[in-house]
Amino acid sequence: RDGNVVYVAAEGPLWAPGGERGVYKTTDGGGSWRLVLGIDEDTGVTDLEFDPSDPDVLYAAAYQRRRHVWGFMAGGPSSGIYKSTDGGEAWRRMERGLPTGDMGKIGLAVTPADPGRVYATIEAGEAERGFYRSLDKGESWERRNPYVSGGTGPHYYQEIYASPRDPDLVYQMDVFVQVTRDGGATFDNLGTGREAHSDNHAWWIDPEDGDHLLAGTDAGLYESFDEGLTWRHFPNLPVSQFYKVALGSEEPFYNVLGGAQDLGTLYGPSRTTNAEGVRNEDWTVPLGADGYGVAIDPTDPHILYMETQVGNLYRVDRRNWETLPIQPQPAPGEAPERWNWDSPVLISPHAAHRLYFGSYRLWKSEDRGDSWVPVSGDLTRNRNRYELPFMGRVWSVDDLHDTGAMSQYATLTAITESPLAEGLLYTGSDDGLIHVSEDGGGNWERAAPLPGAPEGYFVNDLEASRHEAGAVFALADAHKAGDFTPYLFESTDRGRSWRSIAGDLPDGTIVWAIQQDQENPDLLFLAAEFGLYFSPNHGTNWIRLEAGVPTIAFRDVKLQRRDGDVVGATFGRGFYVLDDYTPLREVADGALEEDAHLFGVRDAWWYIPSVPGQALGRPTWGSDAFVAPNPTFGATFTYWLKEAPATVREERGEAEKELRRAGDDIPFPGWETLREESLESGPKVLLLVRNAGGEPVRWVEGPARPGLHRVAWDLRRPAPDPIDLSTPGFVPPWATDPQGPLAAPGSYSVELMMATADGVESLGEPRTFQLKPLPTASPGTDFQAVAAFQWQARELIRRAAGAGEEVGRVQERLRYMRAAFLETPGAEPSLLTRMDALNRTLDGIRTRLLGDRVRGRMNEPGVRSINDRLGALGEHWGTRMEPTAAMRRDLETGLTDLVALERELAALMAGELERLEADLAAAGAPWTPGRRIGGGRDR
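This structure is a prediction, so every number in the text was calculated from the model and none was measured.

Visitor: I would appreciate a short explanation of the overall build of the protein in the present structure.
Guide: When its secondary structure is counted, the protein shows eight helices and 59 strands. Seen along its three principal axes, the alpha-carbon backbone of the protein occupies a region of about 115 × 70 × 70 Å. The buried share of the protein, reckoned over its 939 residues, is 50%. Within the protein, contacts between residues at least 6 apart in sequence are counted, and of these 55% link residues at least 24 apart. About 42400 Å² of surface is accessible on the protein, with carbon and sulfur atoms providing 50% of the total. Each charge class in the protein can be summarised by its mean position, and for the 93 positive and 142 negative side chains these summaries are 5 Å apart.

Encoded structure:
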């Protein structure tokens, strides 16, 4: 009834408008909020439903629970169903027919088909849990079925959706969707479970068509038009939830391996050679279930390590994609092994065949996981989680503990080894301990506690320094205890003491993973709850990376150190790559203090991007196809401008702003100033590319605005096409911008310049870089000869295109001259005869240059024109292969024919064309395009 009235069900304080759990209400569209239902500090609201016949009637599912790293108390005495009949201002707790013991998570649904019915799925003790129904708007309830969500528990699925048309039809979210068609008396699977991905969390029913459904799962969004018998997936939504990422060492482009929430472990390229980018079909899923810790052998990128939940580790050889389980096992008589849901795995930086893997102790393999030995005892506190408190006390084992589909407790969560000191190992646990061994696991010492962090924190990451043998970074997390402080530390004495390097990170920023640049020890990268950060000064300041980076959780970050890339794994938006972060090293060294700075240029791969479909843009696949863009092809130039020169108009505007602020009159600038403003083109940033010999190769224009900018050179020489400044309308997908021939591989330089009305100024020394041929060309190809041939062809095509444009302009001049003749009574009639003769001569030139248009109109072949020969040479620019013998002949013949044609055309224009225009002018004809000013025999 009122779009400004909005309610929020706040389950936790981090997401609550006022910081407290409960129901919030706004009546001004979110400008201000009031807490209208608050119960206690441990009780939030997980579901809020309206009566569809009376918007003042609301139902709220209150949920008292407390999560700690050791477990989850999934309910308590404050949980329950609350009802308001006055728009949320007052609430009553519903009790009649509901469980009398503690309740946990509750899902609610009200159906427009019968607003008196309210459905609830309730977590409770074994005798009272189940599916409930009320027929009197929640005043009384009956338990219809003992069913609640399945294998992974109500903490994961506890949502129900009632049909708007059939009051007895309700869907229950679960691994596989459950459906009741008799108001909860019975439940069945909806379909076979093979029609769409499992793990269903969200649901939508078309209010006008109950057969039309949308389902949100761990694999994204699905749609059905037959009430769930068949489904279609929306593959264009990048919504995968990644926990960990590992990077390969393949050339030219490395691969990415990542473990995802119930989407398995995914493997795909960081970029491709095709012009589309990285497509869904470029990825494989070598392992199913949930994906977690991953690693790639640095010496043999075919060897991959990946795991599913609770430490099930596998080795995969991607030459055959066969999977070998390699989880270490306890010896007979040893205690059961305890595994974290996401158990840590590490390849030693000193030996690619050496693996480390963590349970409650550290395991080592010297043969890529074929055999294992423990190299530690228990590196945790080894406490029984059922003896630990929730909400201020220890609860009975019969209370609502929910540990299904969760980590075991007292397990290792992080492992690192110093890349500078072999055998210097660190481990972190989920119960707040860091241990260090200086002899490869022979002896262990407990590191000092992280200062200020609460006892029992979860160690999210440990990373040994790449610059100091005794330095290590530690990231801890206490959000499950309600503490969202960024716990980020460094030790320089092997864990004996720690100092915070959280710097100016915002409060509430959970920190997940860290990486250190291998060249600049002060350059750090951080994966955090709301984005990806870097620090240029060793943690004093943290800057969030933007420019397309989502503000969601980055659970992991890795550096591809050979290429200088940052790769982040997000929990909900897939992988993100920052290509070539190396300018940040210069930022850390103070580059932004300069007025202008051109950063070092990464070597560029020289190849021809392929088009895998019929045209760019994947029109065959339609809008459902997803593609992640490749880095901009070519050589990328990064530059910084502290300020940009202001134009005369901008300077006047700034001065007038000051006068306006002061309330003063703004003077008229004067006609000369306005004329100068109209003629000023503004500053331009130009980057000049030169070859090894210093010859100019290409201008590249960039933004002339303050800030950091990136532009790319496409590794080609200028296009030969005539300049066309018109704006096209519809552009078909197969049309491309004009492009020139390839520049040859080799050494190049680029110089940054600023062009203003005062001239062109160099903004620093040139930077050199290489064009490196991708190793996919035909063996023995002479790339220099290829580039030289293409440049020769480019020059001929440029000249031929100019001749073609000139022929067209002469024909247009003749058309105007004929019209002018009719306005010139004193003109000799023989002028028309001369115009016709000139036009016939011109048509012969045009036919030799562009082809026989009369035969073309009739769809009949004609004699090969100069343009036909040269056009075939232009197609050679799409390959690095050497030209064929036929192409070389076409170049020679085209050159000979074009030279003769250019002479004829020039003579015609300087001779008979000018004479005709002069005779028309002498006869008093109106001006026509192309005629010289004053046009007459006496000029």
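Visitor: Even after reading the chapter, I still don't get the pattern of salt bridges, so can you show me in this structure?
Guide: Side chains that carry opposite charge are capable of pairing whenever their charged atoms lie near each other. Inspection of every chain in the model, using the stated rule, returns 67 salt bridges. Among the ionic pairs, E917 bridges to R813, the shortest N-O distance being 2.9 Å. Here E917, found in helix α8 (residues 885-922), pairs with R813, found in helix α4 (residues 783-821); they are 104 residues apart in sequence, far enough to count as distant. Take R813: its relative accessible area is 12%, and that puts it in the buried class. In this structure, the salt-bridge partner of E914 is R932, at a minimum N-O distance of 2.8 Å. Of the two residues, E914 is situated in helix α8 and R932 in the segment after α8; the sequence distance between them amounts to 18 residues. Linked through salt bridges whose partners overlap, the residues forming this network are R354, K364, E366 and E422.

Visitor: Teacher, can you tell me more about the packing of α4 against α8 here?
Guide: Interaxial distance between α4 and α8 falls to 10 Å at its minimum, and their mutual angle equals 25°. Relative to α8, the element α4 is oriented roughly parallel. As for how α4 packs across α8, the hand of that crossing is left-handed. Across the contact of α4 with α8, the residue classes break down as 21 nonpolar, two polar and six charged.

Visitor: Looking at this structure, I do not really get the environment of A405. What am I missing?
Guide: Within the fold, A405 resides in the loop between β34 (373-374) and β35 (412-417). On the basis of relative accessibility, which here comes to 31%, the residue A405 falls in the partly exposed class. Residues A405 and P861, 456 residues apart in the sequence, show an inter-C-alpha distance of 73 Å.

Visitor: What should I look at first to understand the pairing of strand β30 (residues 322-325) in this one?
Guide: Regular strands show a simple pattern: their side chains alternate between the two faces of the sheet. Inspection of the sheet shows strand β29 (residues 312-317) paired to β30 by four bridges, in the antiparallel sense. Within the sheet, the bridge partner assigned to V316 lies in β30 and is T323. Following β29, the chain reverses through four residues before pairing antiparallel with β30; W321 in that reversal takes a positive phi of roughly 60°.

Visitor: How should the sheet that holds strand β47 (residues 554-560) be read in this particular structure?
Guide: Note: strands within a sheet are paired through backbone hydrogen bonds, in either parallel or antiparallel orientation. The antiparallel open sheet is built from three strands, whose spatial order is β47-β48-β49. Each edge of the open sheet is held by one strand with a lone partner, namely β47 and β49 (575-578). Across the sheet, the mean angle from the axis of one strand to that of its neighbour is 20°, orientation sign disregarded.

Visitor: I'm lost on the environment of L908 in this one. Help?
Guide: Checked against the element boundaries, L908 lands in helix α8. With a relative accessible area of 9%, L908 lands in the buried category. Along the sequence, L908 and A662 sit 246 residues apart, while their C-alpha atoms lie 67 Å from each other. Ignoring anything within four residues of it in the chain, the contact list for L908 reads V810, L838, T841, L842, I845 and L913.

Visitor: Could you clarify how one ought to interpret the environment of D182 in this entry?
Guide: Mapped onto the fold, D182 is located in the loop between β16 (178-180) and β17 (188-189). Classification of D182 as partly exposed rests on a relative accessible area of 27%. For D182 and T26, which are 156 residues apart along the polypeptide, the C-alpha to C-alpha distance reads 37 Å. Once residues lying within four places of it in the same chain are set aside, the contact partners of D182 are R144 and D168. From its side chain, D182 meets the backbone nitrogen of A185 in a polar contact 3.1 Å long.

Calculation rules
- Residues numbered from 1 in each chain as written.
- Predicted model: local features only at pLDDT ≥ 70, side-chain atom pairs only at ≥ 80, totals over all residues.
- Heavy atoms only, no water.
- Helix = DSSP H or I, 4+ residues; strand = E, 2+ residues; numbered from the N terminus.
- Buried < 20%, exposed > 50% of the residue type's maximum accessible area, 1.4 Å probe, protein only.
- Contact = heavy atoms within 4.5 Å.
- Areas by Shrake-Rupley, 256 points an atom, 1.4 Å probe, with all protein chains shown as cover.
- Lys, Arg positive; Asp, Glu negative; His and termini not counted.
- Charge placed at Lys NZ, Arg CZ, Asp CG, Glu CD.
- Salt bridge = Lys/Arg side-chain N within 4 Å of Asp/Glu carboxyl O.
- Axes fitted to C-alpha atoms, helices over the stretch in contact; angles between N-to-C directions.
- Parallel < 35°, antiparallel > 145°, perpendicular 65-115°, else oblique.
- Left-handed = near helix turned anticlockwise from the far one by under 90°.
- Nonpolar A, V, L, I, M, F, W, Y, C, P; charged D, E, K, R; others polar.
- Pairing = 2+ DSSP bridges.
- Polar contact = N/O pair within 3.5 Å; in protein donor to acceptor, adjacent residues only side chain to side chain.

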